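This is what each chain is made of:
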Amino acid sequence: MKMTDLSIMKRYIRTCEDGWNQGWHERNGGNLTYRLTKEEVAEMKPFFYDQPREWVNMGVTGENLAGEYFISTGSGKFFRNVALDPEDSLCVVEINERGDSYRIVWGLVNGGRPTSEFPTHFMNHSVRVAATNGVCRVIYHAHTANLIAMTYVLPLTDRDFSRALWQSATECPVVFPGGVGVVEWMVPGGAEIALATCEKMKEYDAAVWAHHGLFCSGPDFDTTFGLMHTIEKAAQIWVLAMSCGMGIRQTITDDGLRAIARDFGVTIREDFLD
Ligand code: 13P
Ligand code: ZN
């Protein structure tokens, strides 16, 4: 039995492979974090280092995440290589009792640190754990080309993006009835983008990063990956329709969106409808 035989590790690694296969992770693009359950931590403990690495202060605090453990992709590591060499590409980190520092307890055998977006993931786990009563476990960031293309064309507002994506495919209002948030362009990896994303994630489970990619959260890998996939596919349809060069001639009406929400039993964000 190895660490990578554990069901949770297998599902994490499969999610990385799926993202690579979608073309969302050029080079080291994108990152994935998962907040482990107590049972999963107990299963993993025999594989943890006898001597964990040193504590690293994150510059941000999430008191509701004190003592939690996360699986994270390593900074600069390629999603393409995760399945080939998980011990080199991934790590498990423990959060201290103040909720402001981490230390590596497994993985990154050849050195390195968790994703440069770890403070952003961490703060957003904190916000989403609070918003979902502890249900949220996954934060996933990918470089989704069609959605990035949209950020050069549409006004960078939550309303404009939510409407355009809902109208792009009939299932969209069912998958993300709350819409998506949009974060203006910022330097990645810093506290500024972490805090701006947190503001959006108080209300949304997905945030578009202008000219950069998408940030999704969810209770498990399937739901979170499915959200990323659905939003990016809607963006692809929007880009395809616009590329025909005739403009959008007809679309799903606002009453049509309301009817979908009613029949599928979801609450669509009414202030984004006319
Ligand atoms: P990392 O390699 O540090 O995860 O950075 C990739 C990325 O997509 C930054 O936004
Ligand atoms: Zn990125």
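Residues numbered from 1 in each chain as written. Chains lettered and ligands numbered in written order. Predicted model: local features only at pLDDT ≥ 70, side-chain atom pairs only at ≥ 80, totals over all residues. Heavy atoms only, no water.

## Details of a nonpolar patch on the surface
Taken together, the side chains of Y152, V153, M242 and I248 make up a nonpolar region of the molecular surface, amounting to roughly 420 Å² of accessible area. Within the secondary structure layout, I248 lies in the loop between α10 (221-243) and α11 (254-264). (Patch = residues over 30% accessible without salt bridge, like charges linked within 9 Å, V, L, I, M, F, W, Y side chains within 5 Å. Areas by Shrake-Rupley, 256 points an atom, 1.4 Å probe, with all protein chains shown as cover. Salt bridge = Lys/Arg side-chain N within 4 Å of Asp/Glu carboxyl O. Helix = DSSP H or I, 4+ residues; strand = E, 2+ residues; numbered from the N terminus.)

## Remarks on the packing of aromatic side chains
The geometry of an aromatic ring pair comes down to the distance between the two centres and the angle between the two planes. Summed over the entire model, instances satisfying the criterion amount to 13 aromatic pairs. Here the aromatic rings of Y34 and F221 are separated by 5.1 Å at their centres, their planes lie at 35 degrees, and the arrangement is tilted. You can see Y34 sitting in strand β1 (residues 31-35) and its partner F221 sitting in helix α10, a full 187 residues away along the chain. Both residues of the pair, Y34 and F221, belong to the buried class. Clustering of aromatic rings is evident, with ring pairs tying together W24, F79, Y140 and F225. Residue placement shows R269 over the ring face of F272; its charged tip is 4.5 Å from the ring centre. (Phe/Tyr/Trp six-rings, centres within 6.5 Å; stacked < 30°, edge-to-face > 60°. Buried < 20%, exposed > 50% of the residue type's maximum accessible area, 1.4 Å probe, protein only. Lys NZ or Arg CZ within 6 Å of the ring centre and 35° of its normal.)

## A few points about the site of ligand 1
Surrounding ligand 1, one finds N28, G29, G30, N31, S75, G76, T115, S116, E117, H141, H143 and H212. One of the side-chain nitrogen or oxygen atoms of N31 is found 2.9 Å away from an oxygen atom of ligand 1. The separation between an oxygen atom of ligand 1 and a polar side-chain atom of H141 is 3.4 Å. Alone, ligand 1 offers 300 Å² of accessible surface; in the complex the protein occludes 92% of this. Broken down by class, the residue content of the shell around ligand 1 amounts to no nonpolar, eleven polar and one charged. (Near = heavy atom within 4 Å. Polar contact = N/O pair within 3.5 Å; in protein donor to acceptor, adjacent residues only side chain to side chain. Nonpolar A, V, L, I, M, F, W, Y, C, P; charged D, E, K, R; others polar.)

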